[in-house]
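# Tertiary structure, described
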Amino acid sequence: MSSSLDAYLQSQAGSDPLRADVAETVRQLCLAAIKVRNTILSGGTGDTLAASREATNAGGDIQKELDVLADRVFEEAAKASPVVWYGSEEQEEPVAANPTGTLAIAIDPLDGSSNIDTNVSIGTIFSLFPVGEEGRANPHAAFLQPGTSQLAAGFFIYGPQLLLVLSVGNGTHVFIFSPAFGGFVEMRASVDIDPRAKEFAINASNYRHWEPQMRSYIDDCLAGVEGPRERDFNMRWIGSLVADCYRILVRGGVFLYPGDARKGYAKGRLRLLYEANPIAFCVEHAGGAATDGVTRILEIVPDGLHARTPLVFGGKREVERVARYMADPASLSERSPLFGKRSLFRA
Ligand code: F6P
Ligand code: MN
């Protein structure tokens with residue numbers, strides 16, 4: 001019998017009170033995720049939950065009914081947890097949760113909203129970090145910590161299975177909700193991402209808006225065995241960050257959401273605090289890497305709760321290769337002659 005999430009959390013907390021608060025918060029988040037999952041399963045989806053509201057969220061995205069419902073459910077969970085501040089994609093300002101708590105939570109309550117009405121996996125992404133004295137008095141200060149301060153991070157996937165991918169800073173583990181057991185049990189212990197990528201994930205419809213370095217990287221993947229990479233790549237883009245990340249944890253690959261020339265997209269689409277940081281934490285603890293193209297995500301100091309960042313994550317060697325393309329435009333001029341020479345050799 002697989003071990004339960006509860007047993008795992010207990011063993012990780014030991015007698016450390018802050019870690020015990022993390023464990024308690026994760027338990028509450030799980031109860032909230034089961035509620036969201038039940039709402040989705042009950043068929044309240046489709047027209048109702050995917051219906052657009054008049055409102056947009058803090059990032060300017062159109063809110064769906066399920067975005068708002070999930071936000072309410074997770075805010076309640078934060079209030080029932082040792083969490084001082086709840087910072088959500090769906091709300092402009094951090095919300096006061098439990099004044100006696102020790103933690104802050106940054107959360108994307110419903111990731112992948114554009115997939116709600118198509119019955120494709122969606123999820124919830126969260127990041128937990130400690131709140132010091134200054135952060136207790138001022139929520140803005142509480143949220144301006146780099147991702148290295150995270151005590152735990154993870155995401156739920158509402159897909160064919162209800163999964164929790166979790167890292168409390170000691171490997172990345174996958175738990176599955178078992179209705180028979182009535183809780184989450186371990187499905188994969190210590191995920192280990194293949195350092196070499198065979199698959200890339202990017203929204204290629206933005207090709208013409210990318211910087212030349214990003215286009216060169218993708219051009220080289222597309223060129224396959226005929227190109228400088230000398231091997232073929234496959235492509236997948238689900239459009240739900242949680243699902244794309246889970247695939248990469250399971251079978252490797254690289255994910256890219258770069259900045260581009262569209263209005264408002266200079267730093268891409270994804271949010272540092274409640275998307276990039278928790279994903280980077282889980283990916284690094286699974287042996288992978290995550291950058292904004294060049295700089296390690298976890299070392300970026302945020303300038304606001306809703307700050308955006310370009311995001312590249314996945315197999316370590318592939319993420320390092322992307323950084324070489326992005327940081328060293330000179331490698332671009334080297335690339336064509338080298339490619340040319342190889343072709344000559346082959347001819
Ligand atoms: O939360 C933002 C998000 O829905 C992610 O889940 C996903 O990776 C991305 O946006 C998809 O963006 P686009 O629609 O531009 O491909
Ligand atoms: Mn999201």
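Described below are features of the structure shown in this document.

Definitions and limits used
- Residues numbered from 1 in each chain as written.
- Chains lettered and ligands numbered in written order.
- Predicted model: local features only at pLDDT ≥ 70, side-chain atom pairs only at ≥ 80, totals over all residues.
- Heavy atoms only, no water.
- Helix = DSSP H or I, 4+ residues; strand = E, 2+ residues; numbered from the N terminus.
- Rg over C-alpha atoms; globule rule 2.2 N^0.38 Å.
- Buried < 20%, exposed > 50% of the residue type's maximum accessible area, 1.4 Å probe, protein only.
- Contact = heavy atoms within 4.5 Å.
- Lys, Arg positive; Asp, Glu negative; His and termini not counted.
- Charge placed at Lys NZ, Arg CZ, Asp CG, Glu CD.
- Donors = N, O, S within 2.8 Å, 3.2 Å for Na, K, Ca; no water.
- Core = buried A, V, L, I, M, F, W, Y, C linked by side-chain atoms within 4.5 Å.

Right, let's get into the overall build of the protein chain. In terms of helices and strands, the protein chain carries 11 helices and 15 strands. Computed over the C-alpha atoms, the radius of gyration of the protein chain is 20 Å, within 12% of the 20 Å expected from 2.2 N^0.38 for a compact globule of 347 residues. On the principal axes, the C-alpha backbone points of the protein chain span a range of 70 × 45 × 45 Å. Counting all 347 residues of the protein chain, 56% fall into the buried class. Sequence separation of 24 or more characterises 63% of the internal contacts of the protein chain that already satisfy a separation of 6 or more. Distance between charge centres in the protein chain, computed from 34 positive and 42 negative side chains, equals 7 Å.

Binding of the manganese ion (ligand 2) to the protein goes through Asp108 (OD), Asp111 (OD) and Glu275 (OE), at separations of 1.9 to 2.2 Å. Motif for the manganese ion (ligand 2), donor spacing along one chain: D-x2-D-x163-E. You'll find Asp108 and Asp111 in the same group, each marked buried.

One finds Leu5, Phe74, Phe156, Tyr158, Leu164 and Leu166 to be the most contacted residues of the largest nonpolar core, which totals 42 residues. The element best represented in this core is helix 2 (residues 17-41), accounting for 10 residues. Filtering out sequence-adjacent residues up to four positions away, Leu166 remains in contact with Leu5, Tyr8, Leu9, Val26, Phe126, Ala153, Gly154, Gly171, Thr172, His173 and Phe175. In this structure, Ile176, Phe255, Leu270 and Leu272 belong to the second largest nonpolar core, which totals 36 residues.

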